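In case you want the letters, here they are:
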Amino acid sequence: GRRPGDASVWQGYAQCLHSQGQPRDAEQAFKRALQVNPAHVPSIASYAAFLHSVKRDVGGAKLLYTRALQLDPAHSASLCNYGMLQEEVYGDYEHARTLYESALSTD
């Protein structure tokens, strides 16, 4: 069945596949997690990080971080990773600083 908890299993599987050097299979597992539960913020954030670091798909990562933060504005991993993306890719230090400060205030 399609239980919301399944998304976290697919997310973990995706991360495991990525760790084992299987990015293509990892991406399919991330996509499956989001099919099971499109609003599962940890899966959205993990897939965004994967897109940024592995696929170099900055636009896709930015869209996913934005979506994750719309669903959960206090999700610290999304705030931190999106801050890194803003800093490294766009050189937008002000936006990055705002995101980092938001992440620090959620702990």
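Refer to the preceding data block for the structure.
Computed from a predicted model, the values in this text were never measured in an experiment. (Residues numbered from 1 in each chain as written. Predicted model: local features only at pLDDT ≥ 70, side-chain atom pairs only at ≥ 80, totals over all residues. Heavy atoms only, no water.)

This brings us to the environment of Ser 76. Positionally, Ser 76 belongs in helix α5 (residues 76–88). Among the residues examined, Ser 76 registers a relative accessible area of 31% and is labelled partly exposed. (Helix = DSSP H or I, 4+ residues; strand = E, 2+ residues; numbered from the N terminus. Buried < 20%, exposed > 50% of the residue type's maximum accessible area, 1.4 Å probe, protein only.)

Our next topic: the nonpolar core. Counting residues in hydrophobic clusters, the biggest one holds 23 residues, and the most contacted among them are Tyr 47, Phe 50, Leu 51, Leu 64, Tyr 65, Tyr 82 and Leu 85. At the level of elements, α1 (6–19), α2 (23–36), α3 (41–55), α4 (58–71), α5 and α6 (93–106) are the ones that each hand at least two residues to this core. Ignoring anything within four residues of it in the chain, the contact list for Leu 51 reads Glu 27, Arg 56, Asp 57, Gly 60, Ala 61 and Leu 64. (Core = buried A, V, L, I, M, F, W, Y, C linked by side-chain atoms within 4.5 Å. Contact = heavy atoms within 4.5 Å.)

So, about the packing of aromatic side chains. Here the distance between the centres and the angle between the planes together describe a pair of aromatic rings. The final tally for this structure, using the stated rule, is five aromatic pairs. Geometrically, the ring pair formed by Phe 30 and Tyr 47 is stacked, given 5.4 Å between the ring centres and 20 degrees between the ring planes. Of this pair, Phe 30 sits in helix α2 while Tyr 47 is found in helix α3, placing the two residues 17 residues apart along the sequence. Among the residues examined, Phe 30 registers a relative accessible area of 2% and is labelled buried. (Phe/Tyr/Trp six-rings, centres within 6.5 Å; stacked < 30°, edge-to-face > 60°.)

Moving on: the pattern of salt bridges. For the structure shown, the criterion picks out two salt bridges. Measuring nitrogen to oxygen at the nearest pair gives 2.8 Å for the salt bridge that ties Lys 55 to Glu 27. Here Lys 55 is found in helix α3, whereas its partner Glu 27 is found in helix α2, with 28 residues between them in sequence. Between Glu 101 and Arg 97 there is a salt bridge, and its shortest N-O distance comes to 2.9 Å. Note that Glu 101 and Arg 97 are positioned in helix α6 at a spacing of four residues, about one turn of the helix. For Glu 101, a relative accessible area of 41% puts it in the partly exposed group. (Salt bridge = Lys/Arg side-chain N within 4 Å of Asp/Glu carboxyl O.)

Keep in mind these numbers describe shape, not what the thing actually does.
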